[in-house]
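Below, each chain spelled out in residue letters.
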Amino acid sequence: MSEPGTPTFDQLRLFLAIVDEGSFGAAARRLNRAVSVVSYGVANLEAQLGLTLFEREGTRRPVLTEAGRAVLAEARAVAAGIDGLRAKARGLLQGLEAEVVLAVDVMLPAERLGRVLRGFAREYPTVALRLHVEALGAVAAMVLDRAAAIGVSGPLAAGVEGLECEAAGALAMVPVAAPDHPLGRMTTIAPGAARGYTQLVLSDRSRFTEGRDFAVVSRQTWRLADLGAKHALLREGIGWGNMPLPMVADDLLAGTLVRLALPDHPGGIYRFGTIWRRDSPPGPAASWLLTQFVAEGRGDAEEAGLGDI
């Protein structure tokens, strides 16, 4: 048996149009071709593949053969790939990025990130995305070092030389502990009491945080580079610490964590900003992302009653 030939993309388009429209005539009208051209093209496709794709005898409408049904999925995949290739090439010709590398602060609420990236997938289906989730100063370091084109950073990016920054909302940080932790069992916590218990502290290895502490009050600390691990250890009663309120809201409702009323350390506001290098203005897709993060941040801040941030 001889090997099948290589069909043309135009032949596959004719085949798919007949399947989708239900007749040779309807396919011809959709493609603005003569019916004879459509019929000839599909006959050539069958000859190339060595397969009969449509039953033509005893029916007024073309019916896929078993071989036609088997080929259909592959033909659709090829057509989708060609359409994707053309769309990507069109975007590149218009200055659209092939890929956007985005770094975001680990404190950024997952729901906020998800809303923006769902919209991005719809708006720019041909643009690849690489997402990095980092802590503290690591987001600013990635953008400054060109490892990421844009970022959504915490407050450490503000004022960094070489970076542009636009406010993108905020969230509340609250001190929490497990209900069986000594601080969690106290109805009234005296000033300075928290200093006597292990505090779980988020850390990173960036040059922007080297030798610096943020909201650390305890004499004994455990340093963690992962916010999820910090959350899990807090729930296990290993120390106390500050957490973004959206991340622990369900725990506070369920009683798996309690909010600590520390008179000298009540928590605070963690502010976000979109960032990019001053000498590398973002392209169309990256600019769209930055605009959406700013809009989403303002909306969430207003809903949470954090005011104009």
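Each residue is numbered by its place in its chain's sequence as written, counting from 1. Local features in a predicted model are, by the rule used here, given only for residues with pLDDT of at least 70; side-chain atom pairs are given and counted only at 80 or more, and totals for whole chains, interfaces and linings are based on all residues. To get the side-chain values, all heavy atoms of the structure are used, and hydrogens and water are removed first.

**Some remarks on the overall build of the chain**
Working step 1: Counting its regular elements, the chain contains 10 helices and 11 strands.
Working step 2: Throughout, a residue-residue contact means that at least one pair of heavy atoms, one from each residue, lies within 4.5 Å. Put simply, of all contacts in the chain between residues at least 6 apart along the chain, 70% involve residues at least 24 apart.
Working step 3: Here the chain has roughly 16500 Å² of accessible surface; of this, 52% comes from carbon and sulfur atoms. Only runs of H or I of at least four residues qualify as helices and only runs of E of at least two qualify as strands under DSSP, and these elements are numbered from the N terminus. What sets the accessible areas is the Shrake-Rupley method with a 1.4 Å probe; for residues, cover comes only from the shown protein chains.

**Concerning the pattern of salt bridges**
Side chains that differ in sign of charge can pair as their charged atoms come close.
Working step 1: Salt bridge, as used here: a side-chain nitrogen of Lys or Arg that lies within 4 Å of a carboxyl oxygen of Asp or Glu. In this structure the tally under the stated criterion is 14 salt bridges.
Working step 2: Of the charged contacts in the structure, one is a salt bridge between Arg-30 and Glu-21, with a shortest N-O distance of 3.1 Å.
Working step 3: The rule is simple: take the accessible area with a 1.4 Å probe, protein chains only, and divide by the maximum for that residue type; under 20% is buried, over 50% is exposed, in between is partly exposed. The exposure class of Arg-30 is partly exposed, given its relative accessible area of 44%.
Working step 4: Taken together, the salt bridges that share partners define one network made up of Asp-20, Glu-21, Arg-30 and Arg-76.

**A short note on the pairing of strand β4 (residues 128-134)**
Here is the key point about a regular strand: its side chains alternate between the two faces of the sheet.
Working step 1: The sheet contact formed by strand β3 (residues 99-105) and β4 spans 7 bridges and is parallel. What sits directly across from Val-101, in β4, is Arg-130.
Working step 2: Crossovers are marked right-handed if the path from the first strand over the helix to the second runs clockwise, as seen with the strands pointing away from the viewer. On the question of chirality, the crossover connecting β3 to the parallel β4 by way of helix α5 (residues 110-123) is right-handed. In this analysis, strands are considered paired if DSSP registers two or more bridges between them.

**As for the environment of Ala-17**
Working step 1: Looking at the secondary structure, you find Ala-17 in helix α1 (residues 9-21).
Working step 2: Relative accessible area serves as the criterion here: at 0%, Ala-17 is assigned to the buried category.
Working step 3: Residues Ala-17 and Leu-31, spaced 14 residues apart in sequence, show a C-alpha to C-alpha distance of 7.9 Å.
Working step 4: If sequence neighbours within four positions are ignored, Ala-17 has contacts with Gly-22, Ala-27, Arg-30 and Leu-31.

**Comments concerning the nonpolar core**
Working step 1: Judged by nonpolar contacts, the single largest core of 40 residues is most densely connected at Val-100, Phe-120, Ile-150, Phe-272, Leu-289 and Phe-293.
Working step 2: For this core, the elements supplying multiple residues, two or more each, are β3, α5, β5 (150-153), β6 (163-177), β7 (199-202), α8 (227-235), β11 (268-277) and α10 (284-303).
Working step 3: The greatest single-element share of this core, amounting to 7 residues, is contributed by α10.
Working step 4: Aside from chain neighbours lying at most four places away, what touches Phe-293 is Leu-102, Leu-108, Leu-113, Val-116, Val-152, Ala-168 and Thr-274.
Working step 5: Membership of the second largest hydrophobic core comes to 20 residues, among which are Ala-17, Leu-45, Phe-54 and Leu-64. Buried residues of nine kinds, namely Ala, Val, Leu, Ile, Met, Phe, Trp, Tyr and Cys, make up a nonpolar core once their side-chain atoms join them within 4.5 Å.

**What about unusual backbone geometry?**
Working step 1: Notably, Asn-32 is not glycine yet its phi reads approximately 60°, a positive angle.
Working step 2: In this structure, Arg-146 takes a positive phi of about 70° despite not being glycine.

**What about helix α2 (residues 24-31)?**
Two residues of an α-helix separated by three or four positions point the same way, owing to the 3.6 residues in each turn.
Working step 1: Looking only at α2, the buried set comprises Phe-24, Ala-26, Ala-27, Ala-28 and Leu-31.
Working step 2: Tucked inside the fold, the buried residues of α2 contact α1, α3 (35-49) and β1 (54-55).
Working step 3: Under this definition, polar contacts are N or O atom pairs within 3.5 Å; protein pairs additionally need one hydrogen-donor-capable and one acceptor-capable atom, and for neighbouring residues in sequence, both atoms have to be side-chain atoms. Between the side-chain oxygen of the N-cap and the backbone nitrogen of Ala-26 there are 3.0 Å, and the N-cap of α2 in question is Ser-23.
Working step 4: Phi for Asn-32, located one or two positions after α2, is positive at around 60°.

**Re a nonpolar patch on the surface**
Working step 1: Patch membership needs two things, relative accessible area over 30% and no salt bridge, and members are linked within 9 Å if like-charged or within 5 Å if nonpolar (Val, Leu, Ile, Met, Phe, Trp, Tyr). Taken together, Leu-129, Leu-131 and Val-133 make up a surface patch of nonpolar side chains, about 210 Å² in accessible area.
Working step 2: Mapped onto the elements of the fold, Leu-131 is located in strand β4.
Working step 3: For Leu-131, a relative accessible area of 36% puts it in the partly exposed group.

**Section: the side chain of Thr-198**
Working step 1: Here Thr-198 shows up in the loop between α7 (182-185) and β7.
Working step 2: By relative accessible area, which is 17% here, Thr-198 ends up buried.

**Overview of the environment of Thr-198**
Working step 1: Each C-alpha atom, one on Thr-198 and one on Ile-238, is 7.6 Å from the other, the two residues being 40 residues apart in sequence.
Working step 2: Those residues in contact with Thr-198 that sit more than four places away from it in its chain are Ser-218, Gln-220, Thr-221, Trp-222, Gly-239 and Trp-240.

**Some points on α3**
Working step 1: A helix is expected to span 1.5 Å multiplied by its residue count minus one. End to end, α3 covers 21 Å across 15 residues, agreeing with the expected 21 Å (1.5 Å per residue, within 8%).
Working step 2: Along α3, the residues classified as buried are Val-38, Gly-41, Val-42, Leu-45 and Glu-46. In an axial view of α3, the angular spread of the buried residues amounts to 140°, which keeps them on one side of the axis. For α3, the exposed residues lying more than 90 degrees away from the buried face are Ser-36, Tyr-40 and Ala-47.
Working step 3: On its buried face, α3 sits against α1, α2 and β1. To obtain the arc, one takes the directions from the helix axis to the C-beta atoms.

The values are spatial; any link to function lies outside them.
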